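Each chain, written out:
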Amino acid sequence: MSVPYETAAYEPAQSPESPEEHLARLLGRALNSFELPDETVRRLDCALAHDSSLHSAHHSAGLHRETYRHTWLLADGTALTLWELVHNTGRSGEPQHEVHVDEEELRAATGRLPLAPDDSEFELPVLVQLSPVPPPRHVYVPDDSADHARRLLRRAENPDRPGAETAALLATASAHQITQAFGRPCRAGRAGLCFSLYEHAFLLRDGREIALWEVEHTATPDGRHMCEVYSSEEAAREAMERRAAQLS
């Protein structure tokens with residue numbers, strides 16, 4: 001999977017945790033990691049990206065329990081989820097971590113904890129669903145962002161790329177951030193056919209934010225790299241699907 005030549009120069013100072021590192025950290029702290037099926041661990045070896053979020057929590061009389069959802073995007077386009085249970089109900093009172101392969105197994109483990117429900121809400125046979133955790137804010141890099149936006153739009157080859165109005169707004173950009181989003185892995189039907197999706201987020205001088213979505217791919221008749229730019233993630237992903245369908 002290729003990376004646009006400008007991306008490397010604007011990477012954050014600290015790289016995000018890789019899927020392999022996240023899995024190793026999760027299994028390293030889980031007391032029952034040896035119980036995970038070997039097939040599950042083998043599938044996670046080919047993970048492309050991951051996401052984690054708090055799923056539910058219970059705090060009562062100094063005891064607590066939280067559950068977390070860890071999801072990995074695999075190379076075959078499927079997703080695999082592991083559930084982490086964290087609690088301090090052991091004799092030492094120190095946090096203990098467990099990992100489980102599905103919600104049924106997680107509920108069984110949660111039911112064994114000595115946490116008496118203090119109201120009817122916790123007597124439900126399902127986990128308490130919390131509100132989604134808001135995504136992190138962009139970490140912008142103060143740079144020649146207006147020029148970066150101009151060059152991005154200039155190299156876009158799609159006829160429906162953002163026009164003059166968007167270009168005028170981006171001429172006032174004071175900072176930007178580039179992040180790679182989940183894209184389409186290489187398709188087995190044609191060697192070298194790849195898609196990459198990037199979000200170019202811009203901070204304008206008046207405090208507003210605007211994002212462009214860049215699709216870089218080799219779904220061209222001669223296999224050359226092509227850049228397309230769209231004003232929304234949805235439009236960019238639809239373009240990826242169309243391009244892939246044309247050459248499938």
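Residues numbered from 1 in each chain as written. Predicted model: local features only at pLDDT ≥ 70, side-chain atom pairs only at ≥ 80, totals over all residues. Heavy atoms only, no water.

Visitor: For the overall build of the protein, give the residues involved together with the corresponding values.
Guide: Along its length, the protein carries six helices and nine strands. Counting only residues that meet the buried cut, the protein has 40% of its 248 residues in that class. Taking contacts inside the protein between residues at least 6 apart in sequence as the whole, the part at least 24 apart equals 57%. Of the roughly 14,100 Å² of accessible surface on the protein, 53% is carried by carbon and sulfur atoms. (Helix = DSSP H or I, 4+ residues; strand = E, 2+ residues; numbered from the N terminus. Buried < 20%, exposed > 50% of the residue type's maximum accessible area, 1.4 Å probe, protein only. Contact = heavy atoms within 4.5 Å. Areas by Shrake-Rupley, 256 points an atom, 1.4 Å probe, with all protein chains shown as cover.)

Visitor: Hey, could you go over the pairing of strand β1 (residues 47-60) for me, with residue numbers and the actual values?
Guide: Where a strand is regular, its side chains alternate between the two sheet faces. By the bridge criterion, twelve bridges tie β1 to strand β2 (residues 63-74) in an arrangement that is antiparallel. Across the sheet, Ser 60 pairs through a bridge with Leu 63, a residue of β2. Between the antiparallel neighbours β1 and β2 lie two residues, among them Ala 61 with a positive phi of about 50°. (Pairing = 2+ DSSP bridges.)

Visitor: An account of the sheet that holds strand β3 (residues 79-87) is requested, with residue identities and associated values reported.
Guide: The strand order across the open sheet built from four strands is β1-β2-β3-β4, with neighbouring strands paired in antiparallel fashion. What marks the edges here is a single partner per strand, and that holds for β1 and β4 (96-100). When the angles between neighbouring strand axes are averaged without regard to direction, this sheet yields 20°. (Axes fitted to C-alpha atoms, helices over the stretch in contact; angles between N-to-C directions.)

Visitor: Outline the confidence of the model for the protein, supporting the account with residue identities and numerical values.
Guide: A residue-level look at the protein finds 78% of positions with pLDDT of 70 or above and a mean pLDDT of 79. Segment residues 1-15: pLDDT under 50, and 27 contacts once partners within four positions in sequence are set aside and those in other chains are kept. (pLDDT = per-residue confidence, 0-100.)

Visitor: Lay out the pairing of β4 in plain terms, naming residues and giving numbers.
Guide: Of all the five residues making up β4, four are buried; the element is thus mostly covered by neighbouring parts of the structure. As paired elements, β3 and β4 share five bridges and run antiparallel to each other. Paired with Val 86 across the bridge in β4 is His 97.

Visitor: Break down the pattern of salt bridges for me, with residues and values.
Guide: Two side chains that carry opposite charge are able to pair once their charged atoms sit near each other. In this structure the tally under the stated criterion is nine salt bridges. Asp 147 is paired through a salt bridge with Arg 151; the nearest N and O atoms lie 2.9 Å apart. One end of the pair, Asp 147, and the other, Arg 151, are both in helix α4 (residues 145-155), four residues apart, so they sit about a helical turn from each other. Looking at Arg 151, the relative accessible area reads 18%, which means it is buried. We note a salt bridge from Arg 243 to Glu 228, for which the minimum N-O separation is 2.8 Å. Of this pair, Arg 243 sits in helix α6 (residues 233-246) while Glu 228 sits in strand β9 (residues 226-230), placing them 15 residues apart in sequence. Given a relative accessible area of 23%, Arg 243 falls into the partly exposed group. Given the relative accessible area of 2%, Glu 228 is considered buried. Among the charged side chains, a salt-bridge network with shared partners connects Asp 147, Arg 150 and Arg 151. (Salt bridge = Lys/Arg side-chain N within 4 Å of Asp/Glu carboxyl O.)

Visitor: Would you mind going over α6 in detail, with residue names and values included?
Guide: Helix length check: α6, at 14 residues, gives a terminal C-alpha distance of 20 Å against a target of 20 Å (1.5 Å per residue), a fit within 8%. Turning to α6, its buried residues are Ala 236, Ala 239, Met 240 and Ala 244. Buried residues of α6, seen end-on, are gathered within an arc of 130° and therefore sit on one face of the element. For α6, the exposed residues set more than 90 degrees away from the buried face come down to Glu 234, Ala 245 and Gln 246. Against β7 (195-204), β8 (209-217) and β9 lie the buried residues of α6. (Expected span 1.5 Å × (residues − 1). Arc of directions from axis to C-beta.)

Visitor: Give a detailed account of a negative patch on the surface, specifying residues and quantitative values.
Guide: Together, Glu 35, Asp 102, Glu 103, Glu 104 and Glu 105 line one region of the surface with negative charge. Classification of Asp 102 by relative accessible area gives partly exposed; the value is 33%. (Patch = residues over 30% accessible without salt bridge, like charges linked within 9 Å, V, L, I, M, F, W, Y side chains within 5 Å. Lys, Arg positive; Asp, Glu negative; His and termini not counted. Charge placed at Lys NZ, Arg CZ, Asp CG, Glu CD.)

Visitor: Tell me what's going on with the environment of Glu 66, and back it up with residues and numbers.
Guide: Relative to the assigned elements, Glu 66 resides in strand β2. For Glu 66, a relative accessible area of 11% corresponds to the buried category. Sequence separation between Glu 66 and Ser 56 is ten residues, and the spatial gap between their C-alpha atoms is 5.7 Å. Once residues lying within four places of it in the same chain are set aside, the contact partners of Glu 66 are Leu 54, Ser 56, Ala 57, His 59, Glu 84, Leu 85 and Val 86.

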